[in-house]
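One letter stands for each residue in the lines below.
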Amino acid sequence: MSGSPEKPLLSVVIPCFNEESVLPILRPRLTQALDRLPVAWELIFVDDGSTDRTPELLATLHREDPRVKVVSFSRNFGHQAAVSAGLCYAAGDAVAILDADLQDPPELLGDCLERWRQGYEVVFAVRQKRKEGLFKRAAYGFFYRLLQRVADVEIPLDSGDFCLLDRRVVEVLRRMPERNIFVRGMRAWAGFRQIGIPYERDARAAGSTKYPFRKLLRLALDGVFAFSTAPLRLATWFGLSIVGLCVLVVVLVLVWRLCGLEFMGHTAQDIPGWAAGIISVFFLGGVQLLILGILGEYLARIYAEVKLRPRWVVSRALGFARPPEQVE
Ligand code: UDP
Ligand code: MG
């Protein structure tokens, strides 16, 4: 199914993980916002292995309105996998990605659509203000700035997954085979004409965050290691600086030894040497472990890629005429 030129089809992909408290608020607000737009629409809810009443609620929504479609995962595969699966199932000429918790206001979709009609293939929302705790805001701020410095592609600051994509971009993302998914990086990589529109990120409408610190850290690391090789080069720079430092130290020690100078009450002859020895052992040991850790981060991701496991497993799909090709 695809829309006509006058009335294009807009798909809205919504990943959900244990969102029973938010769904009753989301549905009316979303449909109201969408009904105002000059488009036909469909909602693709991706249930990321919820253990609460989310699956039943979604099934009811589908029964009430066939434009609501549901893809259920066999277990929790994570937010990024849910978004990617939604993109695979979406049939729209334009596809929007929206969090279930109404932190991304659906009313903004009108502006996004307007930009899309002007010819932008990627319209992403840029967070102006966040209504979140100080620590989380600081961590996000640091991460986006770090990512922008080290990433091989230009990933816009403070842009989350909330966006509207043209069908052509969706096709590019669908064809990217990577297992470590970082949607906002892949979106930037895809190119085309991209534009950001500012918005204020609301607080979650109901329920609690489904992104504990552990999952956020994982996402941040995926972002850095999937879109940058700068950490690998860190080893080279560390190594070079240490070699430089060593040359300096050798010169100093030689001068000290050969000239019989006193340093801190000692000459080189009665040097205790213990402190210097222990410091260098710890320092070099630390540097080596750090570099090994960085190599490990890449190795683990390469391992995940070469296993070529499906990125998610669908246990049930409601409302689709046929499953999309090449979906896993
Ligand atoms: N989510 C998901 N799978 C997960 C964690 C989160 O599909 O494993 C969904 C969640 O239902 C929500 C979106 O991802 O629609 C963003 O999660 P959340 O709002 O909890 O994250 P936060 O905004 O607190 O970072
Ligand atoms: Mg949220």
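Structure first, text after, so check above.
Values in this document were obtained by computation on a predicted structure and should not be read as measured data.

Asker: Whenever I open this one, the packing of helix α5 (residues 134-150) against helix α8 (residues 213-227) confuses me. Can you help?
Answerer: Angle between the axes and distance between the axes: these two values describe a pair of packed helices. Here α5 crosses α8 at 10°, and the two axes come no closer than 9 Å. Our classification of the angle between α5 and α8 gives roughly parallel. Contacts between α5 and α8 pair Phe135, Lys136, Tyr140, Phe143, Leu146, Leu147 and Val150 from the former with Phe213, Leu216, Ala220, Gly223, Val224 and Phe227 from the latter. Partitioned by chemical class, the residues of the contact of α5 with α8 number 11 nonpolar, 1 polar and 1 charged.

Asker: Teacher, can you tell me more about the environment of Tyr89 here?
Answerer: Following the sequence through the fold, Tyr89 ends up in helix α3 (residues 79-89). Of the residues examined, Tyr89 reaches a relative accessible area of 10% and is grouped as buried.

Asker: Please explain empty space enclosed by the protein as it appears in this structure.
Answerer: Picture a little ball the size of a water molecule; that probe, rolled over the atoms, points out where space is still empty. The final tally for this structure, using the stated rule, is 1 cavity of 30 Å³ or more. Computed from the structure, the largest cavity encloses a volume of approximately 60 Å³. Around the largest cavity sit Ser84, Leu87, Cys88, Leu173, Arg174, Val183, Met186 and Arg311, which together line it. Contributing elements (two or more residues each) for the lining of the largest cavity: α3, α6 (167-174) and α7 (183-190). Among the elements that make up the lining of the largest cavity, the one with the highest residue count is α3 (3 residues). A breakdown of the residues in the lining of the largest cavity according to their chemical character gives 5 nonpolar, 1 polar and 2 charged.

Asker: Is there a simple way to explain the environment of Ile291 in this structure?
Answerer: Structurally, the position occupied by Ile291 is in helix α10 (residues 274-307). For the pair formed by Ile291 and Leu232, sequence separation is 59 residues and the distance between their alpha carbons is 7.8 Å. When near neighbours in sequence (up to four residues on either side) are disregarded, Ile291 contacts Leu234, Ala235 and Phe238.

Asker: Sorry if this is basic, but what is going on with the pattern of salt bridges here?
Answerer: Any two side chains of opposite charge can pair, given that their charged atoms come close. A full pass over the atoms with the stated rule returns 18 salt bridges. Across the pair Arg27 and Glu64 runs a salt bridge, and its minimum N-O distance is 3.8 Å. Taken as a pair, Arg27 in helix α1 (residues 23-35) and Glu64 in helix α2 (residues 54-64) lie far apart in primary sequence, 37 residues in all. Residue Glu64 is classed as exposed on the basis of its relative accessible area of 53%. The residue Asp104 makes a salt bridge to Arg201 at a minimum N-O spacing of 2.3 Å. Placement of Asp104 in the loop between β4 (94-97) and α4 (109-117) and of Arg201 in strand β7 (residues 194-201) is noted, with a sequence separation of 97 residues between them. Residues Asp104 and Arg201 agree in their burial class; the two are buried. Shared partners join several salt bridges into a network, and the residues in it are Glu19, Asp101, Arg204 and Lys210.

Asker: It is not clear to me how the packing of aromatic side chains should be interpreted in this structure. Could you clarify?
Answerer: What describes a pair of aromatic rings is the distance from one ring centre to the other and the angle between the planes of the rings. Applying the stated rule across the entire model yields 9 aromatic pairs. Here Phe135 and Phe213 contribute two aromatic rings whose centre-to-centre distance is 6.2 Å and whose plane-to-plane angle is 45°, an arrangement assigned as tilted. With a gap of 78 residues between them, Phe135 in helix α5 and Phe213 in helix α8 connect regions that are remote in the sequence. The pair formed by Phe135 and Phe213 is uniform in burial state, with each residue classed as exposed. In this structure an aromatic cluster arises from ring pairing among Phe73, Phe77 and Trp312. Its guanidinium or amino end placed over the ring of Trp41, Arg67 lies 3.8 Å from that ring's centre, counting from NZ or CZ. Residue placement shows Arg75 over the ring face of Phe77; its charged tip is 3.9 Å from the ring centre.

Asker: Would you mind going over the pairing of strand β2 (residues 40-47) with me for this structure?
Answerer: Each regular strand carries side chains that alternate between the two faces of the sheet. Here β2 lies mainly inside the structure; 7 of its 8 residues are buried. The pairing of strand β1 (residues 9-16) with β2 spans 8 bridges and is classified as parallel. Residue Pro15 lies in a different strand from β2, and its bridge partner there is Val46. By the bridge criterion, 5 bridges tie β2 to strand β3 (residues 68-73) in an arrangement that is parallel. Within β3, the residue paired with Phe45 across the bridge is Val70. Viewed along the sheet, the connection from β2 through α2 into β3 turns out right-handed.

Basis of the calculations
- Residues numbered from 1 in each chain as written.
- Chains lettered and ligands numbered in written order.
- Predicted model: local features only at pLDDT ≥ 70, side-chain atom pairs only at ≥ 80, totals over all residues.
- Heavy atoms only, no water.
- Axes fitted to C-alpha atoms, helices over the stretch in contact; angles between N-to-C directions.
- Helix = DSSP H or I, 4+ residues; strand = E, 2+ residues; numbered from the N terminus.
- Parallel < 35°, antiparallel > 145°, perpendicular 65-115°, else oblique.
- Contact = heavy atoms within 4.5 Å.
- Nonpolar A, V, L, I, M, F, W, Y, C, P; charged D, E, K, R; others polar.
- Buried < 20%, exposed > 50% of the residue type's maximum accessible area, 1.4 Å probe, protein only.
- 1 Å grid on protein atoms, 1.4 Å probe; cavity = no way out; pocket = protein on both sides within 12 Å on 5 of 7 lines; lining within 4 Å.
- Points joined across faces, edges and corners; volume = space filled by probe spheres on them.
- Salt bridge = Lys/Arg side-chain N within 4 Å of Asp/Glu carboxyl O.
- Phe/Tyr/Trp six-rings, centres within 6.5 Å; stacked < 30°, edge-to-face > 60°.
- Lys NZ or Arg CZ within 6 Å of the ring centre and 35° of its normal.
- Pairing = 2+ DSSP bridges.
- Right-handed = clockwise from strand over helix to strand, strands pointing away.

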